[in-house]
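Listed here are the chains, written in short residue letters.
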Amino acid sequence: MARDVQVTFDCADPAGLAAFWADALGYRVQDPPPGFETWDQALEAMGVPPERRNDASAVVDPEGRGPRLFFQRVPEGKQAKNRVHLDVRAAPGLQGDARLTALEAEAARLVARGAARLSRHEPAPPLEAGHIVLADPEGNEFCLD
C-alpha cells in the first residue's frame, strides 16, 4: 500500500523557510482552512496568540503530485550535517554542459533568495552526472541534481 509522505523541517522561522522552499520548488503556501481568507484570521479565531503564529507553516505542490513540506519552530539551531536531504531536480533530461549550465543558473537564483552555495561536484560518468550542494537559509543542505 502506497502512503502519502510529508517532509518536516525543524527551524527557527517557519514562515520564512516555507517561503524559500515554495519559491525553490514552485510550491505555494498551504491555504488557510475553509471560511478564512488568511492564516492570521484563522489563527486569531483559533485563539493562537500573535507571538505563536509563526510556530508552523506548510507548502504544497499546486498540482498535488509532490509531498507537503511542513516547517515547525524548534528552540535549538541546526547541529550537524543532514542525514536526509532533498534533491531538487533542476535539470531533468539535460546532460553535459547544458546540464551544468542549468544547475548553475538555478543555484544563482536560489543564492539570490537566501541559499548558500556549499560545493559543486563534477560529472564522473557513468554514474555521476554532476550536482551542486546548497544550504537553505537555515543551513539545511540540499542538492541541485
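What comes next concerns the included structure.

Cut-offs and rules
- Residues numbered from 1 in each chain as written.
- Predicted model: local features only at pLDDT ≥ 70, side-chain atom pairs only at ≥ 80, totals over all residues.
- Heavy atoms only, no water.
- Core = buried A, V, L, I, M, F, W, Y, C linked by side-chain atoms within 4.5 Å.
- Buried < 20%, exposed > 50% of the residue type's maximum accessible area, 1.4 Å probe, protein only.
- Helix = DSSP H or I, 4+ residues; strand = E, 2+ residues; numbered from the N terminus.
- Contact = heavy atoms within 4.5 Å.
- Phe/Tyr/Trp six-rings, centres within 6.5 Å; stacked < 30°, edge-to-face > 60°.
- Pairing = 2+ DSSP bridges.
- Axes fitted to C-alpha atoms, helices over the stretch in contact; angles between N-to-C directions.

Ranked by internal contacts, the top residues of the largest apolar core, which has 23 residues, are Trp-21, Phe-71, Leu-110, Phe-142 and Leu-144. Going through the elements one at a time, β1 (6-11), α1 (14-25), β4 (68-73), α3 (96-112), β7 (131-135) and β8 (141-144) are the ones with two or more residues in this core. In this view, Trp-21 contacts Phe-9, Leu-69, Phe-71, Leu-86, Val-88, Asp-136 and Phe-142; residues no more than four positions away in its chain are not counted.

Aromatic ring pairs are described here by two measures, namely the spacing of the ring centres and the angle between the planes. Taken as a whole and judged by the stated rule, the model has five aromatic pairs. Both rings, one in Phe-9 and one in Trp-21, keep their centres 5.6 Å apart while their planes meet at 40°; by these two values the pair is tilted. You can see Phe-9 sitting in strand β1 and its partner Trp-21 sitting in helix α1, a full 12 residues away along the chain. Pair check on accessibility: Phe-9 and Trp-21 agree, each one buried. Within the aromatic cluster, the residues linked to one another by ring pairs are Phe-9, Phe-20, Trp-21, Phe-71 and Phe-142.

Here we take up the sheet that holds strand β5 (residues 86-88). In space, the four strands of this open sheet follow the order β5-β8-β7-β6, with mixed pairing throughout. The strands lining the two open edges of the sheet, one partner per strand, are β5 and β6 (116-121). Recorded for the sheet is a direction-independent mean angle of 25° between the axes of neighbouring strands. As paired strands, β6 and β7 are joined by five bridges and run antiparallel to one another. Residue pairing across strands places Arg-117 opposite Leu-134, the latter belonging to β7.

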